[in-house]
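# Descriptive structure summary
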Amino acid sequence: MKNILFVMLATLATPACAALNIFACEPEWGALARELGGDKASVYVASTALQDPHRIEARPSLIARARSADLAICTGAELEIGWMPLVQTQSGNARIQAGQPGYFEAAAVVPLLEKPARVDRSMGDVHAAGNPHIHLDPRNIARVAQALGERMAALDPSNKNEYETKTRDFLERWREATARWEKLAAPLKGMPLVVYHKNMTYMIQWLGMREVANLEPKPGLPPSTGYLTELLAKLQREPAKAIVRSAYNDPRPGEWLAERAKIPSIAIAFTVGGTPQAKDLFSLYDDTLERLLAAAK
Amino acid sequence: MFRKLLCAAALAAAMQGALAQSAFNPDLSLILQGTAAYSKQNPDDYQISGFAPSGGEVAPPRRGFSLGESELVVASNIDPYFRGQLVAALTPDNAVEVEEAFFQTLQLGRGLTLKGGRFLSAIGYQNPIHQHAWDFQDAPLAYKAFLGGRWNDDGVQLKWVAPTDLFVELGGEAGRGRTFPATDPNKNGAGAWALFGHVGGDASASTAWRAGLSYLSTSPQDRAFEDGGVVQSFSGTSRLWIADFVLKWAPDGNASNTNLKLQGEYFRRAESGDLTFNATTGDYSSRQSGWYLQGVYQFMPRWRVGYRYDRLDHGTVSNGLGLTQADAPLLLTDYNPTRNSAMLDWSLSEFSRIRLQLASDKSRAGVTDNQALIQVVFSLGAHGAHTF
């Protein structure tokens, strides 16, 4: 009798599958967690590539999923400041609160670019910690993978070896892919671009491209006709090769400008799921480079 | 050259110092609000026919220019175990009002959160939302009639989120009973009890929803108001039920360009006890209800339109004193108040909003109050996170 009770209690205390329950704020971290965790990780992704990561709402479904998570993986650097703090406090989950091992911020292990010397809202919705859109530089993905693999192993020590092996294997494949992408992207060096939001800075820096202008007059503010007209004049003085937006950005402002400036306006996946081709982190980079190279011709 | 370098290094160090220092300061934000209002009727005479006055700030805004409440919000994690928040409203007549001052646990785990202090109760949908985040300048009539605008008691709240993929949240509150419908009893123990349950989820990538049911029980003593020149007072029990839902839609769940929000709440209150009228006391019981439905649509970045319909049902009010409408014209009318409101707002950024609101308010029996107002809401400082 006692034994039966004990078994019942034990089954109640441990979830049906013993996998590490992961809540990923953005698709890129969900994809990375799947690479490093394999079948040991059960991953829920809180947002899609078609949604602006700044403007997710603390929806009931997010709170419900965060409630049972062992690990929340977010970008940090204030990217999720409008929703994740609420999800954390409302979830009643002690493990994923800020400062706990179950809350992992990718931006914390990456050197951030564009750290403002002073912050003032007249500059738009700037992030005081620096630009948080770190995932389109493969060297950042490698840094995050290393730290995340260690974190997963620490949280689920019974599968430590598995996470370590998977992380090593991923980093090896990632190193090879990075070398291949760098060779492939050589024609992009020096390519002048207009980007919608300052969310491609890391990729532009990695590939030596040039950001001529943003469609947003200030970070976070929607493009206005007046500002686009100014941009058109600027592009006549300082031409760009293409206008690049993320899958979640409104295509219309870029198309308006592209038509008048006679340059292509293209969308890149930005993260996993943003285009049908971008199925995981590797194909995200393959697809992004292919689209940029096509625009560079 | 060397001096220049030294200077730069010192400056950088000083700046880093400043940042590191401020990192330990709580998040600070300030909401500035103001209105320019027109109303055909005098807001000072405002009352809702058929309903006992709730004593809250329920009247339409002052006519002409007026400063709204300036809200100062200070919030921070206290230590790994608690979070704290203060919301102080600086009212236009130079008073400071504590809207919220509470602690909240972070480490109870198992889906449990305990809150204590003064806080906006989790009953209903709109109740826990701060005024500056409402989609209309004023509260729905049901909130005005049944809660004096909102319920923010002093007390404790325990809340539990179920470990399921469907969002299920259950909670209870014990409070002092500081404001209407309670009467701030001077006693040991709790003067108000509330229970609430919410369920919610995503119907698709584009649609999220939440529905809830709440209950508030209070025991008002000598809750008095003047009706027809005579003071009447009620002692007994007051039970309020609220059913609420909200549905949010955006194409692919991306609310940046267009999105739609639909919300509605139904209130039902039963009060029973004694009514004292002109120094005589008799039985009293009432069953009254009210509801509203509103929709807000963002049709392009920065621009939203909204419409709200309010209705209160006078229901049944019976008394053992034989009082009629001639004795108590406010309470014993057969009138059912209604209101139509429309709004258009323009948000230059996430931190500023300018709103035009028009309303045809039939709260008072036989009188139509046409209202128009322009409201401005500005948020300074830390980026707030808004509840769903």
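Bear in mind the structure is a predicted one, so any value in this text is a computation, not a measurement.

Take the overall build of chain A next. A tally of regular secondary structure across chain A gives ten helices and eight strands. What you see for chain A is a C-alpha radius of gyration of 21 Å, in line with the 19 Å of a compact globule of 297 residues. Structurally, chain A occupies a C-alpha span of about 85 × 40 × 35 Å along its principal axes.

Take the interface of chain A and chain B next. Accessible area lost when the parts come together is the quantity often used to give the size of an interface. Contacts between chain A and chain B engage 35 residues on the former and 40 residues on the latter. Going through the elements one at a time, α3 (60-67) and α4 (84-91) of chain A are the ones with two or more residues in the side of chain A that touches chain B. Broken down by element, the residue count for the side of chain A that touches chain B peaks at six residues, all from α3(A). Partitioning the side of chain A that touches chain B into residue classes produces 14 nonpolar, twelve polar and nine charged.

In this structure, B:Gly109 sits in the loop between β5 (96-105) and β6 (112-118). You can call B:Gly109 partly exposed: it has 13 C-beta atoms within 10 Å. The spacing of B:Gly109 and B:Asp334 is 225 residues in sequence and 51 Å in space, taken between C-alpha atoms. Every residue in contact with B:Gly109, bar those within four places of it in the chain, is listed here: A:Asn93 and A:Ala94.

What follows deals with the pairing of strand β6 (residues 210-214) of chain A. All names here are of chain A. Direction of pairing for strand β5 (residues 192-195) relative to β6: parallel, over a ladder of four bridges. What sits directly across from Val195, in β6, is Asn214. Note on the crossover from β5 through helix α7 (residues 201-207) to β6: the handedness is right-handed.

On to the domain arrangement of chain A. Residues and elements named next belong to chain A. On domain assignment, one finds that chain A holds domain 1 (18-180) and domain 2 (187-296). With 29 residues of domain 1 at the contact, the number on the domain 2 side is 24 residues. Of all the elements in the fold, those that place two or more residues in the side of domain 1 that touches domain 2 are α2 (27-37) and α5 (138-155). The biggest single contributor to the side of domain 1 that touches domain 2 is α2, with five residues. The class makeup of the residues in the side of domain 1 that touches domain 2 is 13 nonpolar, eight polar and eight charged.

On to the sheet that holds strand β8 (residues 265-268) of chain A, then. The pairing of strands in a sheet comes from backbone hydrogen bonds and takes either a parallel or an antiparallel form. Residue and element names in this part refer to chain A. Strand order in the open sheet made by the four strands is β6-β5-β7-β8, with parallel pairing throughout. Two strands bound the open sheet, and with one partner strand each, they are β6 and β8. Averaged over all neighbouring strand pairs, the angle between strand axes comes to 35 degrees, with direction disregarded.

For the rest of this paragraph, the subject is α5(A). Taking 1.5 Å per residue as the helical rise, α5(A) with its 18 residues ought to reach 26 Å, and the 25 Å between its terminal C-alpha atoms agrees with that figure. Buried within α5(A) are the following residues: A:Pro138, A:Asn140, A:Ile141, A:Val144, A:Ala145, A:Leu148, A:Gly149, A:Met152 and A:Ala153.

We now examine the packing of α2(A) against α5(A). To describe two helices that pack against each other, one gives the angle between their axes and the distance between the axes. Residues and elements named next belong to chain A. Running from N to C, α2 and α5 cross one another at 55 degrees; their axes reach a closest spacing of 10 Å. Classified by the interaxial angle, the pair formed by α2 and α5 is oblique. Considering only the axes of α2 and α5, their crossing is right-handed. Here Leu32, Leu36 and Gly37 of α2 come into contact with α5, specifically with Ile141, Val144, Ala145, Leu148, Gly149 and Met152. Tallied by class, the residues present in the contact of α2 with α5 amount to seven nonpolar, two polar and no charged.

Here the focus is the nonpolar core. Where a protein is soluble and globular, its nonpolar side chains tend to be buried together. Residue and element names in this part refer to chain A. Counting residues in hydrophobic clusters, the biggest one holds 87 residues, and the most contacted among them are Ile22, Ala24, Leu32, Ala33, Ala72, Ile73 and Leu193. Counting residues per element, this core draws most heavily on α5, which supplies six residues. In terms of domain composition, this core takes at least three residues from each of domain 1 (18-180) and domain 2 (187-296). Setting aside its immediate chain neighbours within four residues, Ile22 contacts Ala33, Gly37, Ala41, Ser42, Val43, Tyr44, Ala69, Leu71 and Ile73.

All names here are of chain A. At a closest axis distance of 10 Å, the pairing of helix α8 (residues 225-237) and helix α9 (residues 251-261) adopts a crossing angle of 35 degrees. Crossing geometry of α8 relative to α9 is assigned as right-handed. Each of Leu228, Leu231, Leu232 and Leu235 in α8 lies in contact with α9, whose residues at this interface are Pro253, Trp256, Leu257, Arg260 and Ala261. The residue makeup of the contact of α8 with α9, split by class, is eight nonpolar, no polar and one charged.

What counts as what
Residue positions are counted from 1 within each chain, in the order its sequence is given. Chain letters and ligand numbers both follow the written order, the letters beginning at A and the numbers at 1. Residue-level local features of this predicted model are given only where pLDDT is at least 70; pairs of side-chain atoms are given and counted only at 80 or more, and the full residue set underlies all totals for whole chains, interfaces and linings. Secondary structure elements follow DSSP: runs of H or I no shorter than four residues count as helices, runs of E no shorter than two count as strands, and numbering proceeds from the N terminus. Here the radius of gyration uses the C-alpha set of atoms, whereas the globule reference equals 2.2 Å times the residue count to the power 0.38. Residues are scored as being in contact if the C-beta atoms we place from backbone atoms lie within 7 Å. Three classes are used, and their members are as follows: Ala, Val, Leu, Ile, Met, Phe, Trp, Tyr, Cys and Pro are nonpolar, Asp, Glu, Lys and Arg are charged, and the others, Gly among them, are polar. Counts of 20 or more other C-beta atoms within 10 Å of a residue's own C-beta define buried residues, counts of 12 or fewer define exposed ones, and intermediate counts define partly exposed ones; C-beta atoms are placed from the backbone. Two strands qualify as a pair provided that DSSP identifies no fewer than 2 bridges between them. With strands facing away from the observer, any crossover in which the path from the first strand over the helix to the second runs clockwise is taken as right-handed. Delimitation of the domains relies on an automatic or database domain assignment. Geometry is summarised by axes, namely lines fitted to C-alpha atoms with helices restricted to the contacting stretch, and by angles between N-to-C directions that run from 0 to 180 degrees. The span one expects for a helix is its residue count, reduced by one, times 1.5 Å. Reported orientations rely on four angle classes, namely roughly parallel under 35 degrees, roughly antiparallel over 145, roughly perpendicular from 65 to 115, and oblique for the rest. The handedness criterion is simple: a crossing whose near helix is rotated anticlockwise from the far helix by less than a right angle is left-handed, and one whose near helix is rotated clockwise is right-handed. Core membership is restricted to buried Ala, Val, Leu, Ile, Met, Phe, Trp, Tyr and Cys residues, and these are joined into a nonpolar core through C-beta atoms within 7 Å.

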